[in-house]
Amino acid sequence: MIDYEGLAALLSGWDNITILTHKSPDGDCIGAGLALCYYLRAMGKRANVLNSDGIPQRFSFLSEGYTQQEFEERHVVSVDVADTQLLGERLEHYSDRIDLCIDHHRTSKRFAARNFIDPDASATCLVLYELFEHMGGTPSGIVASCLYTGIATDTGCFKFQNTTPAAHRAAARLMELGADYEEINRRMFDIKSRGRLAAEQILIGGIRYFDEGGIAVIVITNEFIEKYGIDRAELDGMASIPLNVEGVKIGITMKQQEDNPECFKVSLRTVCADACEIAEKFGGGGHVRAAGCTVSGSADSALLRIVSEAEKYL
């Protein structure tokens, strides 16, 4: 694996770069992809960001000035992607031709020709913050906002276990560089649409508890989405709800896949167990307190499988 100096030298010598991000994009994924793209363009290089699902509306404030450039691709870089399976269908053809992977997941498959993985970093955006320090130059306000968004969201607004002194120091510096931290924190953690609030109200009433209340589960089915006319985008960020209940140690959110009803996307949030270890049992991964995987079967069978595994960690 290369170090920061080697990584900086590598990117400084490249041009015509395609930046890949993972499907079902989150703040760290979008923030890292756009931050790297904007920074490289500021150096006079050509770069684009690609995502199978596009950029969600809630992150549009980061992409307002972004447009795709026309160039002949020479290099491919993935950011915040632990496994090529996470690229999604639209980008799966890149799986065997990624030149560089920049990530912070300890479960990274190290699939690229070169890999820079820092599992101690709170977010991939924190890795890029350190990288830009080595590359020189002062990141613009929009780059600072992108990086701050990734660090803030991956640390749960600096509440999760992965929040480090380095994350706080980077956040402070990014604020000095012009990150719109007040607006970012409001958008990421406070604002909810009416549809989202309505969905929360219904789902909270249907939380199921296991292991004497130590495990709480929310199940979101296609039938539920259709019945109440909920936009799937309104369901982003639901994973934290089960863990808000007093006494719950492991929160599980299961979302039935629209194109495959016999498959549930599972998000795990914990306060005392290794969420990543649980997710890995089902081919997933992530972090100690936040991880994800997919579990096949009907709603009841998938629920029982993930709960049975989670109970071993209480």
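These figures come from a predicted structure and were not determined experimentally. (Residues numbered from 1 in each chain as written. Predicted model: local features only at pLDDT ≥ 70, side-chain atom pairs only at ≥ 80, totals over all residues. Heavy atoms only, no water.)

### Regarding the overall build of the protein
Stated precisely, the cut-off is as follows: In DSSP terms, a helix is any run of H or I states spanning at least four residues, a strand is any run of E spanning at least two, and both are numbered starting from the N terminus. Exposed residues in this analysis have more than 50% of their type's maximum accessible area, buried residues have under 20%, and partly exposed residues fall in between, with area computed by a 1.4 Å probe over protein chains only. For this analysis, residues touch if any pair of their heavy atoms sits within 4.5 Å. Here the open area of atoms and residues is found with the Shrake-Rupley method and a 1.4 Å probe, where only the protein chains shown may cover a residue. For the purpose of charge, His is not counted, nor are the chain termini; Lys and Arg are scored as positive and Asp and Glu as negative. Lysine's charge is taken at NZ, arginine's at CZ, aspartate's at CG and glutamate's at CD.
From N to C terminus, the protein includes eleven helices and eleven strands. Its C-alpha atoms give the protein principal-axis dimensions of about 55 × 40 × 35 Å. Within the protein, the proportion of its 314 residues that are buried is 53%. The long-range share in the protein, meaning contacts at least 24 apart out of those at least 6 apart in sequence, stands at 65%. Counting every atom, the protein has about 14,500 Å² of accessible surface; 45% of that belongs to carbon and sulfur. Taking the average location of the 31 positive side-chain charges in the protein and that of its 45 negative ones, the two points are 1 Å from each other.

### Observations regarding the packing of aromatic side chains
Heads up, the rule is: Centre distance within 6.5 Å is the pairing criterion for rings of Phe, Tyr and Trp, where only the six-membered ring of Trp is used; planes under 30 degrees apart are then read as stacked, over 60 as edge-to-face, and the remainder as tilted.
Enumeration according to the criterion identifies four aromatic pairs in this entry. Aromatic side chains Phe224 and Tyr228 sit 5.2 Å apart centroid to centroid with 50° between the ring planes, which places their arrangement in the tilted category. Of this pair, Phe224 and Tyr228 are both found in helix 9 (residues 222–228), four residues apart, which corresponds to roughly one turn of the helix.

### A short note on the nonpolar core
So the rule is basically this: Note on terminology: a nonpolar core comprises buried Ala, Val, Leu, Ile, Met, Phe, Trp, Tyr and Cys residues joined through side-chain atoms within 4.5 Å.
Core analysis: the largest hydrophobic core is formed by 55 residues, its most contacted members being Leu11 and Phe132. In terms of residue count, helix 2 (residues 27–42) provides more of this core than any other element does, ten residues in total. When sequence neighbours within four positions are dropped, the list of residues in contact with Phe132 reads Ala35, Leu36, Tyr39, Gly137, Pro139, Val143 and Leu147. Counting residues in hydrophobic clusters, the runner-up holds 22 residues, among them Met254, Ala275, Phe282 and Ala310.

### Considerations on the sheet that holds strand 1 (residues 17–20)
Basically, it comes down to this: If DSSP finds at least two bridges between two strands, the strands pair. Helix axes are fitted to C-alpha atoms over the stretch in contact, other axes to C-alpha atoms as well, and angles between N-to-C directions run from 0 to 180 degrees.
A sheet is described by the order of its strands in space; here five strands give the open sequence 2-1-3-4-5, paired in parallel fashion. Strands with a single pairing partner mark the edges of an open sheet, and in this sheet they are strand 2 (47–50) and strand 5 (114–117). Within this sheet the neighbouring strands show an average axis-to-axis angle of 20°, counted without direction. When strand 3 (residues 75–79) meets strand 4 (residues 100–103), the two strands line up parallel, connected through three bridges. Paired with Val79 across the two strands is Ile102, which belongs to strand 4.

### Observations concerning unusual backbone geometry
Backbone geometry at Asn16 places phi at a positive 55°, although glycine is not the residue there. Here Asn16 is to be found in the loop between helix 1 (4–13) and strand 1. Taking relative accessible area as the criterion, Asn16 reaches 3% and is therefore assigned buried. A positive phi is found at Cys157, a non-glycine position, where the angle reads about 60°. Inspection of the secondary structure puts Cys157 in the loop between helix 5 (141–154) and helix 6 (165–176).

### Description of the pairing of strand 2
Put simply, the test is: Orient the strands so they point away from the viewer, and a crossover whose first-strand-to-second-strand path over the helix runs clockwise is right-handed.
Here strand 2 shows two buried faces, one formed by Ala47 and Val49 and the other by Asn48 and Leu50. Alignment of strand 1 against strand 2, held across four bridges, turns out to be parallel. Each residue of the ladder has a partner; that of Leu20, found in strand 2, is Leu50. For the crossover that starts at strand 1, traverses helix 2 and ends in the parallel strand 2, the hand is right-handed.

So, to be careful, I would describe these as geometric facts and stop short of saying anything about function.
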